[in-house]
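Next come the chains, spelled out residue by residue.
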Amino acid sequence: MLADGDNQDDPVVDTARAILDGHVVLSRDLAQRGQYPAIDIAASLSRVMTDITAKNHQQAARTFRALVASYEANRDLVLMGAYRAGADPQLDRAIAMHPRLVDFLTQEGGSIVPLDQSVLQLVQLLSPES
């Protein structure tokens, strides 16, 4: 379903989200930053993911979403230099990993990455050694 504009509170859109098994939210802001596909990970949802994916994939996806959401929620503070390192360990990690998180989300047009390879890359990205 394509919603007109960026109004996520449209009643028709809200009803569709409540009925569907999941949804992918595209962000004009992310597209303007050059991230393609411009998928807003924090706003997108899959209700069936836990039924169709392995535990390591689910854990990595939760960690990834939390890091991206933490960075985006504090993006203005970080860019202004108002965030003091050490105040939030998760945000510290999100800031340190931000370029790699964005790289993981960015894909060249026409490129295909098999699911198993994508999951492996995600797990490796979030491993403590990275």
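Residues numbered from 1 in each chain as written. Predicted model: local features only at pLDDT ≥ 70, side-chain atom pairs only at ≥ 80, totals over all residues. Heavy atoms only, no water.

1. Here's the deal with the overall build of the chain
Here is the rule: Counting from the N terminus, the helices are the DSSP runs of H or I reaching at least four residues and the strands are the DSSP runs of E reaching at least two. Buried, partly exposed and exposed residues are distinguished by accessible area as a fraction of the type maximum, computed with a 1.4 Å probe on protein chains only: under 20%, between the cut-offs, and over 50%, respectively. Contacts were defined at the residue level, with two residues in contact if any of their heavy atoms lie within 4.5 Å.
The number of helices and strands found in the chain is seven helices and two strands. Secondary structure of the chain in N-to-C order comes out as α-β-α-β-α-α-α-α-α. Along the longest, intermediate and shortest principal axes, the C-alpha atoms of the chain span 40 × 35 × 30 Å. Looking at the 130 residues of the chain, the share that counts as buried comes to 27%. A fraction of 49% describes how many contacts in the chain between residues 6 or more apart in sequence connect residues 24 or more apart.

2. Details of the pattern of salt bridges
Note the threshold: Salt bridges are identified by distance alone: a Lys or Arg side-chain nitrogen within 4 Å of an Asp or Glu carboxyl oxygen.
As enumerated under the stated definition, the model contains two salt bridges in all. Of the charged contacts in the structure, one is a salt bridge between Arg33 and Asp29, with a shortest N-O distance of 2.5 Å. A relative accessible area of 38% means that Asp29 is categorised as partly exposed. Residues joined by salt bridges that share partners form a network here, namely Asp29, Arg33 and Glu72.

3. Let's talk about the confidence of the model for the chain
Detailed reading of the predicted coordinates is not advisable wherever pLDDT is low. The cut-off we apply is this: pLDDT measures the predictor's confidence residue by residue and takes values from 0 up to 100.
Per-residue pLDDT for the chain has a mean of 90; in total, 92% of the residues score no lower than 70. Mean pLDDT values over the elements of the chain span from 75, in helix H1 (residues 11-19), up to 97, in helix H6 (residues 89-105).

4. A few points about the environment of Ala66
Here Ala66 shows up in helix H4 (residues 55-73). What makes Ala66 partly exposed here is its relative accessible area of 28%. Along the chain, Ala66 and Arg84 lie 18 residues apart, while their C-alpha atoms are 19 Å from each other.

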